[in-house]
Amino acid sequence: VQLQAFGGGLEQVGGSLRLACQASGSGFSDYGVAWFRQAPGKEREFVSVIRKDGGSTDYVDSVKGRFTISRDNAKNTVSLQMNNLKPEDTAVYSCAATNALSWIRRRIQKVYDYWGQGTQVTVSS
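Residues numbered from 1 in each chain as written. Predicted model: local features only at pLDDT ≥ 70, side-chain atom pairs only at ≥ 80, totals over all residues. Heavy atoms only, no water.

S.K.: Outline the overall build of the protein, listing residues and values.
M.R.: In terms of helices and strands, the protein carries 0 helices and 11 strands. Reading the protein from its N end, one meets helices and strands in the order β-β-β-β-β-β-β-β-β-β-β. Here the C-alpha atoms of the protein give a radius of gyration of 13 Å, agreeing with the 14 Å that 2.2 N^0.38 yields for 125 residues. When its C-alpha atoms are laid out on the principal axes, the protein stretches across 40 × 25 × 25 Å. Counting only residues that meet the buried cut, the protein has 43% of its 125 residues in that class. Residue pairs at least 24 apart in sequence account for 59% of intrachain contacts in the protein once pairs closer than 6 positions are excluded. (Helix = DSSP H or I, 4+ residues; strand = E, 2+ residues; numbered from the N terminus. Rg over C-alpha atoms; globule rule 2.2 N^0.38 Å. Buried < 20%, exposed > 50% of the residue type's maximum accessible area, 1.4 Å probe, protein only. Contact = heavy atoms within 4.5 Å.)

Right, here's the structure in full:
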């Protein structure tokens, strides 16, 4: 499966952006999909994940209540709705997928076999 991330941009504090991870190839509904982000000078960190059937989701504490992950398997898309953006949300956001997602390891980068290119999100104050 190939992944491509869209939707980044420049937004003001308190604003919203919606990221999309578009997958090509077959079997997308078999893949758990996660979003990670990397801010300048920092290591890449887990943001959110969704099970292959959309039945379970998880978020890093810093985005809980502000970000929502969802998926549309018919359209091979996973979205990340980001509301009430903060300057600390500024980062390059990447989506990643695996068809062997062990939920207990859902936040570990090495679990994910396929990665899309990043999309820049910049939040200005």
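S.K.: Run through the pairing of strand E3 (residues 17-24), naming residues and quoting values.
M.R.: Only one face of E3 is buried: it carries Leu-17, Leu-19, Cys-21 and Ala-23, and the other face, with Arg-18, Ala-20, Gln-22 and Ser-24, is open. Pairing between strand E1 (residues 2-6) and E3: 5 bridges, direction antiparallel. For Gln-4, the partnering residue across the bridge sits in E3 and is Gln-22. Sheet analysis places E3 next to strand E8 (residues 77-82), joined by 6 bridges and oriented antiparallel. Bridge pairing in E8 links Arg-18 to Gln-81. (Pairing = 2+ DSSP bridges.)

S.K.: Just give me the short version of the environment of Ile-69, but keep the residues and values in it.
M.R.: The topology assignment puts Ile-69 in strand E7 (residues 67-72). Between the C-alpha atom of Ile-69 and that of Glu-88, which follows or precedes it by 19 residues, the distance is 19 Å. Among residues more than four places away in sequence, those in contact with Ile-69 are Val-33, Trp-35, Ser-48, Val-49, Ile-50, Thr-57, Tyr-59, Val-78, Ser-79 and Leu-80.

Note that all results are geometric; they support no functional claim without further evidence.
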